[in-house]
Amino acid sequence: MNLNALTTQINREHDACGIFAWIEKTGVPSRKPVFMGVQALRALWHRAGYVHGEGDGCGLLLDIPALLWRRWLSEAGADSSLVEDPRFFVAHLFLQRDQAEERLTRVQQKLEAAGCTLLVVRTGHTCEDALGPSARRENPVFVQIGGLTAETADGPLYRLSVDLETDRGVHVVSISRSTVVYKVVGGGDVLWAYYDDMRDPFFTTAFALAHTRYSTNTATAFSRVQPFSALGHNGEINTITRFYAEAQMIGIPLDAGYSDSQMVNGAVEHFTKERGWSLFETAELLFPPIINEIKQMSDDLADLYMFYRALWGPYAQGPAAVMMRAGNEAVFSVDALGLRPMWLVETGDGYCFSSEQGVIPASEWTADPKPLAPGEKVGVTLGQGSVRVHPYTELQRLVLERARARFEFKGEHESLRFTGPYPTVEAAHPVRDDKPRLVRAAAYGWRDDDMKLLDFEVQTGAEPIRSLGWDGPLAALDNGVRQLSDFLQETVAVVTNPAIDREREIEHFSTRTVIGKRPSFDGAYAHAPRVETQSPLLLEELPADLEISREDIQALAHRHGTLCYEDALAALHTEPYGTVEILIHREPGESIEAALERFRQEALAAVQAGAHAVVLDDRLQFARGGWVDPFLAVAAVHKALLRPASKRGGEHLRRRTSLILRSGGLRNLHDVMVAVGLGADAVNPYLMWEFAAEKGSIAGLENLYVALCKGIEKVISTIGIHEVRGYERLFSGIGLAPEIAEVLGVPNFCGSEQAGYGFAELEQEADKRSKAYQAGDQRQVAKNRVFTLYPRVWKAAGQVAMGLASYEEFEQKLAELEKEHPVNLKHLLQLRTNGETAGAESVDTTIDGHAYPIVISSMSFGSQGEVAYRAYAEAAYRLNIVGFNGEGGEIKDIL
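Residues numbered from 1 in each chain as written. Predicted model: local features only at pLDDT ≥ 70, side-chain atom pairs only at ≥ 80, totals over all residues. Heavy atoms only, no water.

### Some details on the overall build of the protein chain
For the protein chain, the count of helices and strands is 30 helices and 29 strands. A principal-axis box enclosing the C-alpha atoms of the protein chain has dimensions of 90 × 85 × 55 Å. Buried positions account for 56% of the 895 residues belonging to the protein chain. Considering only intrachain contacts with a sequence separation of at least 6, the fraction spanning at least 24 residues in the protein chain is 74%. (Helix = DSSP H or I, 4+ residues; strand = E, 2+ residues; numbered from the N terminus. Buried < 20%, exposed > 50% of the residue type's maximum accessible area, 1.4 Å probe, protein only. Contact = heavy atoms within 4.5 Å.)

This is the structure:
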């Protein structure tokens, strides 16, 4: 079949999207998979991020074309049969054009130093004229190397690929014994014309994975184009920050500048090549089933997946359909929420996986297309003369069998359901601060708003996250009491995910956390004590004056699948190891920086001695010493434990323990999420529990717990993830000094050594808090009120709307408020003039027929309601400026 004939068939349908794969049923290489891949890329053109007719990038992952390499080996005077040698490999590289010859020399030297015998080195077999103007500006040198390694293991090849990419001018497109990747900035036609190999009749394969790129958050470049060496994916991984951190902990060498796809690809390569895992095992580890599906499994499979959750975790979350290939295995996977579809289409001679069934004409189907269910995977075993498709249930059984050869995990499913009560030991510090709660709250930085919010949660069991934004001042502009969490703003993912029903939300979203020592990939700590609770929130025994028994608190905790703080410590306290409590306060004369270093050293010593959990507790912060921000302490200790367990390397100490923050400085949901993001595995907001019990007894305490859990679900839903364990530092600082941002490990804006909130300001804050504590004023929390802008302008805006006041009066009042009480950065900005003015008649503000170069960019009708939506449209019309609507529907008469 030639390319033009196939074009006539496939071009009937144009609704393909993103990714495509074709597998010959016989496993025998032919030209057809190449044609199918290129034509799929043509059909996917509308999904490419093309500008001026130039695509964002596309590529093919294929079997090594053995016939081509036989010919090239023969032409080089080498034995052509070496293609079948188990030591044979092929590398595809992109070299930056400047100093390309020197780079290639270094590449060859590294390969030879690693024991490789280079048989063929090919460069320049591409057509620059096929590229568009943007791609031509980069146009790297394409290099193909065929050779033999000293051994048959894949580990050396993997380590070589990592080493080669330490040269920023070298990109390893692929290096493998089974597959090659061809990719380009451009569309399918460009790929076909750019690579001479594509048009060679000797180029045959039994497998083709096609990917066309539409990127909104990474630059267009040859190195960013998919597929990568092991996968192609459509969507986004929203937990990539946590994924990267976890990968670093077990020694996977990923570049922090990689895209989300590149990072997952690097992990797949690491597990399949360096650790010798099969692709099936790797896929199940990286993309595990949701907890509610595990609950329906047989005990042996539940054992496996609960063990995998502790060994690794749900760190590759987000709407993504993924196609993977390693060795003779391929896996096709849909995200847990099913937000990026994938279809299996079977024809007489092949299996097709695609994000759209229409890629293959219906006349070719031999069965109805099968959509992969949310979270489903299909595995394929490839072989000459035999290709086997493994449905998910069969794939899971294969993984179970292989995992049993690596690990011992019998009984792990018991952590699925709460099985307490746990024995009680006096593991927690028994001494409490006896100052009145409101006095302690004032010292910990509670404000009037925090108390009002807590009252609402105690009464309703709901967390009132609002969508209209925060109209109080940024922390850097606030003259009141502040904590570091107030300087942190969540980085919201802009994702185009369809709304899902509450039933699926309940089923998929999980606030579960693992507390204790995690099993090691080398088999150690498999049976170390750990618990998996329904949320990172730990309740605790309350002070006697609240008259709620420990038994009642335990019953409440067990009812919601969590633990009391004391019981969690008891569960982890096993001889000869236990838990260690670090009291967060400063010794007399000790600086905050010195205290942080002391906390770091105490935590390191504890974990090296075998502690299953480290507790950071500030209950005696003001009674015994000076204040230290709890978020700073958590971040400092977490980062200190991110180091190998020994000088010889190995997994990080952080995997050997859990961090529990017990703090009165946890005032609200935002604080809880910041603590989790900075490294806390569990939190105990004990002052919140005390206030809830004081205001509503055991029912109020339960309402607060439920409200916070709902709030956690809302937060992770906004980010585009479904398990809180994937949440890490998904926020940035505004106005922090670099020294603080460095400890927290967050991006920071509008902060400097001269104008940022640093250690000196923290010392001043500590002094204020100590004075508030010593003064013992129970009215101080009520006095700690936050200035909010909206209530002060609503009345004036309403008068304008009713025609009782002019807009100029409203504008003047708003300007006065913004000048006297700035709440965000734009209120600090003014136009700088040189004193000269121009007459209106000499100024032209029009652009493209519109009166001003100004755009109103509103949200969609569905998200903001009809009145506001019509107001934006009418305003734009009257002003003769451009008005954009968002996604989510349109009103017919406006359309």
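### Notes on helix α13 (residues 392-404)
In this model, α13 (13 residues) spans 18 Å end to end at C-alpha, consistent with the 18 Å of a helix rising 1.5 Å per residue. Turning to α13, its buried residues are Tyr392, Leu395, Gln396, Val399, Leu400 and Ala403. Seen from one end, α13 has its buried residues packed into an arc of 140°, which puts them on one side. The exposed residues of α13 that point more than 90 degrees off its buried face are Thr393 and Glu401. Check the buried side of α13 and you find it contacts α10 (279-286), α12 (299-311), β15 (377-381) and β16 (388-390). (Expected span 1.5 Å × (residues − 1). Arc of directions from axis to C-beta.)

### Notes on the packing of aromatic side chains
Applying the stated criterion across every chain, the model contains 31 aromatic pairs. Taking the centre distance of 5.0 Å and the plane angle of 75° together, the rings of Phe142 and Tyr195 count as edge-to-face. Taken as a pair, Phe142 in strand β5 (residues 141-148) and Tyr195 in the loop between α7 (188-194) and β8 (207-212) lie far apart in primary sequence, 53 residues in all. An aromatic cluster of three or more residues is present, and its members are Phe243, Phe271, Trp277, Tyr305, Phe307, Tyr308, Trp312, Tyr315, Phe407, Phe409 and Phe521. Positioned above the aromatic ring of Tyr577, the side-chain terminus of Lys517 is 5.9 Å from the ring centre. In this structure, Arg769 packs its charged tip against the face of Trp627, placed 4.0 Å from the ring centre. (Phe/Tyr/Trp six-rings, centres within 6.5 Å; stacked < 30°, edge-to-face > 60°. Lys NZ or Arg CZ within 6 Å of the ring centre and 35° of its normal.)

### As for the nonpolar core
Among the nonpolar cores identified, the biggest contains 92 residues, and Trp446, Leu632, Tyr727 and Leu744 are the most heavily contacted of them. It is helix α23 (residues 686-719) that provides the largest number of residues to this core, a total of 16 residues. Excluding residues that lie within four positions of it along the chain, Tyr727 makes contacts with Arg242, Glu490, Met673, Val676, Gly677, Val715, Ile716, Ile719 and Ile721. In this structure, Val83, Tyr194, Val334 and Val387 belong to the second largest nonpolar core, which totals 69 residues. (Core = buried A, V, L, I, M, F, W, Y, C linked by side-chain atoms within 4.5 Å.)

### What to know about the packing of helix α17 (residues 550-559) against α23
Their axes nearest at 11 Å, the elements α17 and α23 cross at an angle of 25°. Put simply, α17 runs roughly parallel to α23. Of the two possible hands of crossing, α17 and α23 adopt the one that is right-handed. Contact with α17, carried on its side by Asp552, Ile553, Leu556 and Arg559, involves Ile698, Leu701 and Glu702 of α23 and no other residues of that element. (Axes fitted to C-alpha atoms, helices over the stretch in contact; angles between N-to-C directions. Parallel < 35°, antiparallel > 145°, perpendicular 65-115°, else oblique. Left-handed = near helix turned anticlockwise from the far one by under 90°.)

### Looking at the sheet that holds strand β27 (residues 748-749)
Strand order in the open sheet formed by 3 strands is β17-β26-β27, and the pairing between neighbours is mixed. Among the strands making up the open sheet, the edge pair consists of β17 (488-490) and β27. For β17 and strand β26 (residues 731-734), the ladder comprises 3 bridges, and the chain directions are antiparallel. When the bridges of β26 are listed, Gln489 appears paired with Ser732. Of the strands in this sheet, β17 and β26 are in contact with helix α22 (residues 669-678), which crosses β26 at around 110°. (Pairing = 2+ DSSP bridges.)

### Describing unusual backbone geometry
The omega torsion of the bond from Gln226 to Pro227 falls at 5°, within 30 degrees of zero and hence cis. For Pro227, the location among the structural elements is in the loop between β8 and β9 (231-235). Non-glycine residue Asp848 carries a positive phi angle of around 55°. Along the polypeptide, Asp848 turns up in the loop between α28 (807-820) and β28 (855-857).

### Comments concerning the side chain of Arg242
Counting through the fold element by element, Arg242 comes out in helix α8 (residues 240-249). In this structure the side chain of Arg242 is engaged in a polar contact, spanning 2.7 Å, whose partner is the backbone oxygen of Arg725. Discounting residues that sit within four places of it in the chain, Arg242 has contacts with Tyr315, Arg725, Gly726, Tyr727 and Glu728. (Polar contact = N/O pair within 3.5 Å; in protein donor to acceptor, adjacent residues only side chain to side chain.)

### Structural notes on the sheet that holds β8
Strand pairing in a sheet takes place through backbone hydrogen bonds and is either antiparallel or parallel in direction. Spatially, the 7 strands line up as an open sheet ordered β7-β2-β8-β1-β13-β12-β14, and their pairing is antiparallel. Strands with a single pairing partner mark the edges of an open sheet, and in this sheet they are β7 (179-184) and β14 (370-371). Pairing analysis gives 5 bridges linking strand β2 (residues 58-63) to β8, with the strands arranged antiparallel. Opposite Cys58, over in β8, you have Thr212 as the bridge partner. The strands touched by helix α2 (residues 32-43) are β1 (19-24), β2 and β8; relative to β1, the strand with the most contacts, the crossing angle is about 165°.

### Regarding the side chain of Arg440
Positionally, Arg440 belongs in helix α14 (residues 437-444). Among the residues examined, Arg440 registers a relative accessible area of 7% and is labelled buried. Looking at Arg440, its side chain comes within polar contact range of the main-chain oxygen of Lys435, at 3.0 Å. Not counting the four nearest positions on each side in its chain, Arg440 is found in contact with Asp433, Lys435, Tyr686, Leu687, Glu690 and Tyr773.

### Here we look at the pattern of salt bridges
Close approach of charged atoms lets side chains of opposite charge pair. All chains considered together, the criterion is met by 66 salt bridges. A salt bridge links Arg42 to Asp189; the shortest N-O distance between them is 2.3 Å. Linking Arg42 in helix α2 with Asp189 in helix α7, this pair joins segments that are 147 residues apart in sequence. Overall, the relative accessible area of 26% leaves Arg42 in the partly exposed class. Its salt-bridge partner being Arg437, residue Glu690 comes within 3.3 Å of it at the nearest N-O pair. Of this pair, Glu690 sits in helix α23 while Arg437 sits in helix α14, and the two are 253 residues apart along the sequence. For the residue pair Glu690 and Arg437, the accessibility class agrees, reading buried in each case. (Salt bridge = Lys/Arg side-chain N within 4 Å of Asp/Glu carboxyl O.)

### A look at the packing of helix α19 (residues 592-608) against helix α25 (residues 759-775)
Two quantities define a packed helix pair, namely the angle between the axes and the distance from one axis to the other. Relative to each other, α19 and α25 sit at 95°, their axes nearing to 10 Å. Of the possible angle classes, the one that applies to α19 and α25 is roughly perpendicular. Contacts between α19 and α25 involve Ile592, Glu593 and Leu596 on the former and, on the latter, Phe759, Leu762 and Glu763. Looking at the contact of α19 with α25, its residues break down into 4 nonpolar, no polar and 2 charged. (Nonpolar A, V, L, I, M, F, W, Y, C, P; charged D, E, K, R; others polar.)

### Concerning the environment of Ala815
Position of Ala815 among the secondary structure elements: in helix α28. Residue Ala815 is classed as partly exposed on the basis of its relative accessible area, which comes to 42%. With 421 residues separating them along the chain, Ala815 and Glu394 place their C-alpha atoms 67 Å apart.

### Some remarks on the pairing of β7
For β7, a buried count of 6 out of 6 residues is recorded, marking the element as mostly surrounded by other parts of the structure. Here β7 shows a buried face lined by Thr179, Val181 and Lys183 and a second buried face lined by Val180, Tyr182 and Val184. Pairing of β2 with β7 involves 6 bridges; the strand directions are antiparallel. By the bridge assignment, Gly59 is partnered in β7 with Lys183.

### Points about the state of the cysteines
Per the counting criterion, the structure on display carries 0 disulfides. Left without a disulfide partner, Cys709 is nearest to the cysteine sulfur of Cys564, which lies 14 Å away. Given the relative accessible area of 14%, Cys709 is considered buried. (Disulfide = S-S within 2.5 Å.)

None of the figures reported here should be taken as evidence of function without further support.
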